[in-house]
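# Topology and contacts: notes
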Amino acid sequence: MGLLVQKFGGTSVGTVERIHAVASRCANARAAGHDVVVIVSAMAGETNRLLALGQQMASRPDPRELDALAATGEQVTAALLALALSGKGLRARSFLGHQVKILTDSAFSKARIKAVEADRIYRALADGAVAVVAGFQGVDDAGNITTLGRGGSDTSAVAIAAAIGAEVCEIYTDVEGVFTADPGICPSARKVDKISYEEMLELASLGAKVLQIRSVEVAMKYAVPVHVRSSFSDATGTLVTAEDRDLESVVVSGVTYDRNAAKITLANVPDTPGTAARIFEALADSSISVDMIIQNIATDGHTDLTFTISKADAAHSQEIVTRLAEDIGATGVRLDLDVVKVSIVGLGMRSHAGIAARMFRILATEGINIQAISTSEIKVSCLVASKYTELAVRALHEAFGLGKPTEES
Ligand code: ASP
Ligand code: MG
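Model, not experiment: these values are computed from the prediction.

About the criteria used
- Residues numbered from 1 in each chain as written.
- Chains lettered and ligands numbered in written order.
- Predicted model: local features only at pLDDT ≥ 70, side-chain atom pairs only at ≥ 80, totals over all residues.
- Heavy atoms only, no water.
- Helix = DSSP H or I, 4+ residues; strand = E, 2+ residues; numbered from the N terminus.
- Rg over C-alpha atoms; globule rule 2.2 N^0.38 Å.
- Contact = heavy atoms within 4.5 Å.
- Areas by Shrake-Rupley, 256 points an atom, 1.4 Å probe, with all protein chains shown as cover.
- Lys, Arg positive; Asp, Glu negative; His and termini not counted.
- Charge placed at Lys NZ, Arg CZ, Asp CG, Glu CD.
- Patch = residues over 30% accessible without salt bridge, like charges linked within 9 Å, V, L, I, M, F, W, Y side chains within 5 Å.
- Salt bridge = Lys/Arg side-chain N within 4 Å of Asp/Glu carboxyl O.
- Near = heavy atom within 4 Å.
- Polar contact = N/O pair within 3.5 Å; in protein donor to acceptor, adjacent residues only side chain to side chain.
- 1 Å grid on protein atoms, 1.4 Å probe; cavity = no way out; pocket = protein on both sides within 12 Å on 5 of 7 lines; lining within 4 Å.
- Sits in = over half its atoms within 2 Å of the grid points.
- Nonpolar A, V, L, I, M, F, W, Y, C, P; charged D, E, K, R; others polar.
- Buried < 20%, exposed > 50% of the residue type's maximum accessible area, 1.4 Å probe, protein only.
- Axes fitted to C-alpha atoms, helices over the stretch in contact; angles between N-to-C directions.
- Parallel < 35°, antiparallel > 145°, perpendicular 65-115°, else oblique.
- Left-handed = near helix turned anticlockwise from the far one by under 90°.
- Pairing = 2+ DSSP bridges.

So, about the overall build of the protein chain. Of regular secondary structure, the protein chain possesses 14 helices and 20 strands. Since a compact globule built from 409 residues should have a radius of gyration of about 22 Å, the 23 Å found for the protein chain is in line with a globular shape. Principal axes of the C-alpha set define a box for the protein chain whose edges measure 80 × 55 × 30 Å. In the protein chain, the proportion of contacts linking residues at least 24 apart, taken out of those at least 6 apart, comes to 75%. For the protein chain, the accessible area works out to roughly 18200 Å², and carbon and sulfur atoms hold 51% of it. Both charge centroids of the protein chain, one from 39 positive and one from 48 negative side chains, sit 4 Å from each other.

Listed below in structure tokens is the structure:
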């Protein structure tokens, strides 16, 4: 018996039948004696549909109104679920972000939660009701409706779980949990039983899409245990939690890839102080974030400079850098979209030497050339030609022993 937060994603509430199934699951949790707070996403596809409608109204729609529009998707599912619960004889009350209230800053379409005032949730629970909260939305100081960025219901759920001190925040989704690799391209991928916040953050930022990154940051900050699990089965999923000795013994816990990378190389950049500053300041001024950067040591006063950005920023970055190139005296700009960033992640890298070298050797054995490298304490990433995506992921997964039931490697 305890306080439980359950979050259901778009596919889990995608049809009337599924909303009924969600209601049954909440009813079971109530019957087991738990106090239950449910956070819902919009029905699958609904947020896309709403935003597309908005785009048809103006060439540059007002972000405030887009948020007001997008937030309606979750209002629908919250009310539907509350109705389904009362249909089953349970007490239930739905709440929007501003009713709770979930206070955010005013950055429309990517607002950050500043505070959760949970009084109304507590009152609903005290009345014996299931509190159903619309995810993805909040309200700013001026009373405007805001949204938290795509996938933001995860963050709503974790923030509410933190605010009310829930025992666990269950994230129900259409996969069984977090996998050692994308099962779509790596058939031997396994569900991970337990993973640390740090690893999950790396995996999320590297493109594994199970949880919104922000939600993992909030979970880590407030030490909320997050249980990612399937809404289509009763199987346990993956527990995302603080690190412990168990977890540290695993050297590599996952292999991931990100196709959303693009590479730009500037040739013959004069090796003078301030050149890199000018290039990356110009990109920063256009809010372009740069991921990997390589510059070699100059021998004849010139050097090549390579960096990666997201594919969406590729054309714009190329424009900026081409304009600068002449000024700086560089002789050419090359853009390559045919790249993928393949990464290994694991807490154990902190205490094991030679993991990066092993990764390079595995790729070399497959004849895969590495174009750029970046590392963090618990991650090594290699940029390779995109045609090698499957091969690289499978080879690394296999060589680091992730496909086997015991994950010692
Ligand atoms: N409905 C929103 C989206 O599609 C938020 C969410 O599902 O978490 O991004
Ligand atoms: Mg999601």
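More follows now that the structure is in view.
A cluster of nonpolar residues, Val76, Leu80 and Leu83, forms a patch on the protein surface that exposes about 260 Å² of accessible area. Residue placement: valine 76 occurs in helix α4 (residues 72–87).

So, on to the site of ligand 1. Around ligand 1, a shell composed of Ser41, Ala42, Thr47, Glu74, Phe136, Arg150, Gly151, Gly152 and Ser153 is seen. The side chain of glutamate 74 places a nitrogen or oxygen atom 2.6 Å from a nitrogen atom of ligand 1. Residue glycine 151 places a main-chain N or O atom 2.8 Å away from an oxygen atom belonging to ligand 1. Applying the majority rule of atoms within 2 Å of the grid points places ligand 1 in the largest pocket. Its residues placed into classes, the shell around ligand 1 shows 2 nonpolar, 5 polar and 2 charged.

Next up on the list: the pattern of salt bridges. Under the counting rule described, the total for this entry stands at 17 salt bridges. We note a salt bridge from glutamate 243 to arginine 350, for which the minimum N-O separation is 3.2 Å. Of this pair, glutamate 243 sits in the loop between β12 (238–241) and α10 (245–248) while arginine 350 is found in the loop between β18 (339–345) and α13 (355–365), placing the two residues 107 residues apart along the sequence. Residue classification places glutamate 243 among the partly exposed positions, given a relative accessible area of 27%. For arginine 350, a relative accessible area of 36% gives the class partly exposed. Members of the salt-bridge network, linked through shared partners, are Glu243, Arg350 and Glu377.

This paragraph deals with unusual backbone geometry. The linkage connecting valine 100 with the following residue, lysine 101, adopts the cis geometry, with an omega of 5°. Although it is not a glycine, asparagine 268 sits at a positive phi angle of roughly 55°.

Where helix α1 (residues 16–31) contacts α4, the two axes come as close as 9 Å, and the packing angle between them is 60°. With respect to their mutual orientation, α1 and α4 come out oblique. Classified by chirality, the crossing of α4 by α1 is right-handed. Touching Ile19, His20, Val22, Ala23 and Cys26 of α1 are Leu80, Leu81, Ala84 and Leu85, all from α4.

Strand order in this open sheet of 4 strands is β13-β18-β20-β19, and the pairing throughout is antiparallel. With one partner strand each, in any of the chains shown, β13 (254–258) and β19 (372–376) form the two edges of the open sheet. Each adjacent strand pair in this sheet contributes to an overall mean axis angle of 20°, direction not counted. Here 5 bridges tie β19 to strand β20 (residues 379–385), and the two strands are oriented antiparallel to one another. The partner of threonine 375 across the bridge, within β20, is valine 380. Packed onto the sheet, helix α8 (residues 197–205) meets β13, β18, β19 and β20 and runs at close to 170° relative to β18.

What follows concerns the packing of α8 against helix α9 (residues 213–222). The contact between α8 and α9 brings their axes to 9 Å, and the two run at 165°. Compared by their axis directions, α8 and α9 come out roughly antiparallel. The interaxial crossing formed by α8 with α9 has left-handed handedness. Listed contacts from α9 to Tyr197, Glu198, Met200, Leu201, Ala204 and Ser205 of α8 are Ile213, Val216, Glu217, Ala219 and Met220. A breakdown of the residues in the contact of α8 with α9 according to their chemical character gives 8 nonpolar, 1 polar and 2 charged.

Another point: the pairing of strand β6 (residues 130–134). For β6, the tally of buried residues reaches 5 of 5 residues, placing the bulk of the element in the interior. Burial along β6 is two-sided: the face carrying Val130, Val132 and Ala134 and the face carrying Ala131 and Val133 are both buried. Bridge count between strand β2 (residues 35–40) and β6: 4 bridges; the pairing is parallel. Each bridged residue has a counterpart across the sheet, and for valine 37 the counterpart in β6 is alanine 131. Judged from the 4 bridges that link them, strand β3 (residues 92–95) and β6 form a sheet pairing that is parallel. Note that in β6 the partner of serine 94 across the bridge is valine 132.

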